[in-house]
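What follows is the residue order along each chain.
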Amino acid sequence: MGRGSFGARLGVCFALVAGVGIVGCQPLYGGKPEKLVTPTKRKAPKEEAVAEVQIKDIEECTADFRGDPKRATQDTRVSNNLTAEGDTALVNSDKATDPAAQAGLIKDSIDKFRNALIKDPYNAEATLKLALAYDRVYRKGCAIAMLKRLAALSGNPKFATKATPAIDSIGDNGQWFKRYRKDAIAAVGR
């Protein structure tokens, strides 16, 4: 093979590169791109004012707290266990993010405290915790009734040792019964 064949090969290579280069430089999708239209500015829609929801406390309480004391039986151990379970449910309601779960836990705590008082009607801790649970569900009348019951327990020398510290804790915790604090303090006789 002579020199002429090398030159021919070189010429073919240049022709291929030139041909690919010409074809490769063509626009990929056709001609020039279309110009984008600048959007017109519009005013943001006015947001409607959200009406403040008024939540009212329920003043009346249909529960009967005046049963025959001769028929009352005291099962202090079961009552204390139910009170602890109700307190756990009440604390867990603070941690719940779903409103339905929160309401269910508060309802469960109220049931536990009520059952604790059925087992031991003179349980001062269960009485106070039930008043606090009623306060959470805006049952002012029932919460005040439970506080009056707590004051009556403190008047009895047999139950005053547990009822008096519970009443003192109401005065110490300013966050309890915020919406009707004066009424709550008056209900326990302070």
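Computed from a predicted structure; not experimentally measured.

### Thoughts on the environment of Ile106
At step 1: In this fold, Ile106 is placed in helix α3 (residues 99-119).
At step 2: By relative accessible area, which is 8% here, Ile106 ends up buried.
At step 3: Distance from Ile106 to Asp94, taken between C-alpha atoms, is 9.2 Å for residues 12 residues apart in sequence.
At step 4: In contact with Ile106, not counting residues within four places along its chain, are Leu90, Ser93, Ala133, Arg136 and Val137.

### With respect to the pattern of salt bridges
At step 1: This structure, assessed with the given rule, holds 7 salt bridges.
At step 2: Between Lys112 and Glu85 there is a salt bridge, with its nearest N and O atoms 3.0 Å apart. Here Glu85 lies in helix α2 (residues 76-95) and Lys112 lies in helix α3, a separation of 27 residues in the sequence.
At step 3: For Glu125, the salt bridge is made with Lys129, and the minimal N-O distance between the two is 4.0 Å. Taken together, the residues Glu125 and Lys129, both in helix α4 (residues 124-136) and 4 residues apart, mark about one turn of the helix.
At step 4: Judged by its relative accessible area of 43%, Glu125 is partly exposed.
At step 5: Taken together, the salt bridges that share partners define one network made up of Asp87, Glu125 and Lys129.

### Overview of the packing of helix α5 (residues 140-155) against helix α6 (residues 160-172)
At step 1: Put simply, α5 and α6 touch, their axes get as near as 8 Å, and they point 135° apart. Classified by the angle between their axes, α5 and α6 sit oblique to one another. Every pair of crossing elements has a handedness; the one defined by α5 and α6 is left-handed. Residues Leu147, Leu150, Ala151, Leu153 and Ser154 of α5 pack against Ala160, Ala163, Thr164, Ala166, Ile167 and Ile170 of α6.
At step 2: The residue makeup of the contact of α5 with α6, split by class, is 9 nonpolar, 2 polar and no charged.

### Regarding the side chain of Lys129
At step 1: What makes Lys129 buried here is its relative accessible area of 17%.
At step 2: Those residues in contact with Lys129, other than ones at most four positions away along the chain, are Asp87 and Phe113.

### What about α2?
At step 1: Taking 1.5 Å of rise per residue, 20 residues should cover 28 Å, and α2 covers 29 Å from first to last C-alpha, within 8% of that figure.
At step 2: Where α2 is concerned, the buried positions are Ser79, Leu82, Thr83, Gly86, Ala89, Leu90 and Ser93. For α2, the angular spread of the buried residues around the axis is 125°, confining them to a single face. Turned more than 90 degrees from where α2 packs its buried face, Arg77 and Lys95 sit exposed.
At step 3: Packing partners of the buried residues in α2 comprise α3 and α4.

### A few points about unusual backbone geometry
At step 1: Of note in the backbone geometry, Tyr138 takes a positive phi value of approximately 60° without being a glycine.
At step 2: As for its position among the elements, Tyr138 is in the loop between α4 and α5.
At step 3: Under the relative-accessibility criterion, Tyr138 is labelled partly exposed at 28%.

### Let's talk about the confidence of the model for the protein chain
At step 1: Residue-level pLDDT values for the protein chain average 79, and 78% of them are 70 or greater.
At step 2: When mean pLDDT is compared element by element in the protein chain, α4 scores highest at 89, while helix α1 (residues 3-24) scores lowest at 67.

What counts, and at which threshold
- Residues numbered from 1 in each chain as written.
- Predicted model: local features only at pLDDT ≥ 70, side-chain atom pairs only at ≥ 80, totals over all residues.
- Heavy atoms only, no water.
- Helix = DSSP H or I, 4+ residues; strand = E, 2+ residues; numbered from the N terminus.
- Buried < 20%, exposed > 50% of the residue type's maximum accessible area, 1.4 Å probe, protein only.
- Contact = heavy atoms within 4.5 Å.
- Salt bridge = Lys/Arg side-chain N within 4 Å of Asp/Glu carboxyl O.
- Axes fitted to C-alpha atoms, helices over the stretch in contact; angles between N-to-C directions.
- Parallel < 35°, antiparallel > 145°, perpendicular 65-115°, else oblique.
- Left-handed = near helix turned anticlockwise from the far one by under 90°.
- Nonpolar A, V, L, I, M, F, W, Y, C, P; charged D, E, K, R; others polar.
- Expected span 1.5 Å × (residues − 1).
- Arc of directions from axis to C-beta.
- pLDDT = per-residue confidence, 0-100.

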